[in-house]
Amino acid sequence: MKSHPTTRELEIIDAREIISDNRLGAFLRAALVNDPGILAVDIICSDLDQGLTLDEIFYTGDEFGFSISIYNSTESDFRIGFGCQAGPLAGDGGNWDVSFENDAVKSISIRGSWIS
């Protein structure tokens, strides 16, 4: 990671303190299957399939890129906002309610999506 994280990267750091990378990866795979219309999810899963790490994907030093926000109501229940802003008027994402059992997604429900 660069020495001076962007605001976007600081938000990702905060989110990754709430949820493990294993759970984050499980969420992304579940969102890909359940909500295939979200391009940001498709792109990050493709990047992961190509061997990139979450650190390489998230921490680019650019103000644009992937974003994530996570709020938990219990140890296993989360509201996850995820998307990608490729430019000022180019991006998409969504908000999901996700329940985990250990590191596996037990249930996932999209609350809404956005596109710019």
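Note that the structure is a prediction, hence the values are computed from the model and not measured.

Criteria and thresholds
- Residues numbered from 1 in each chain as written.
- Predicted model: local features only at pLDDT ≥ 70, side-chain atom pairs only at ≥ 80, totals over all residues.
- Heavy atoms only, no water.
- Helix = DSSP H or I, 4+ residues; strand = E, 2+ residues; numbered from the N terminus.
- Buried < 20%, exposed > 50% of the residue type's maximum accessible area, 1.4 Å probe, protein only.
- Contact = heavy atoms within 4.5 Å.
- Areas by Shrake-Rupley, 256 points an atom, 1.4 Å probe, with all protein chains shown as cover.
- Lys, Arg positive; Asp, Glu negative; His and termini not counted.
- Charge placed at Lys NZ, Arg CZ, Asp CG, Glu CD.
- Axes fitted to C-alpha atoms, helices over the stretch in contact; angles between N-to-C directions.
- Parallel < 35°, antiparallel > 145°, perpendicular 65-115°, else oblique.
- Left-handed = near helix turned anticlockwise from the far one by under 90°.
- Nonpolar A, V, L, I, M, F, W, Y, C, P; charged D, E, K, R; others polar.

A. A look at the overall build of the protein chain. The number of helices and strands found in the protein chain is four helices and four strands. Written out in order from the N terminus, the α and β elements of the protein chain read α-α-α-α-β-β-β-β. Each principal axis of the C-alpha distribution contributes one length, and for the protein chain these read about 35 × 30 × 25 Å. Relative to its full complement of 116 residues, the protein chain shows a buried share of 40%. Within the protein chain, contacts between residues separated by at least 24 positions form 49% of all contacts whose residues are at least 6 apart in sequence. When the accessible surface of the protein chain is totalled, it reaches about 6500 Å², and 50% of it is carbon and sulfur. For the protein chain, the distance from the average position of its 8 positive side-chain charges to the average position of its 19 negative side-chain charges is 4 Å.

B. Quick peek at the packing of helix H2 (residues 21-34) against helix H3 (residues 39-49). Relative to each other, H2 and H3 sit at 125°, their axes nearing to 9 Å. The angle between the axes of H2 and H3 places the two elements in the oblique class. Regarding H2 and H3, the two cross each other, and that crossing is left-handed. On the side of H2, the interface is formed by Leu28, Arg29, Ala31 and Leu32, while H3 contributes Val41, Asp42, Ile44, Cys45, Leu48 and Asp49. Within the contact of H2 with H3, the residues separate by chemical class into seven nonpolar, no polar and three charged.

Just distances and angles here, no functional claims.
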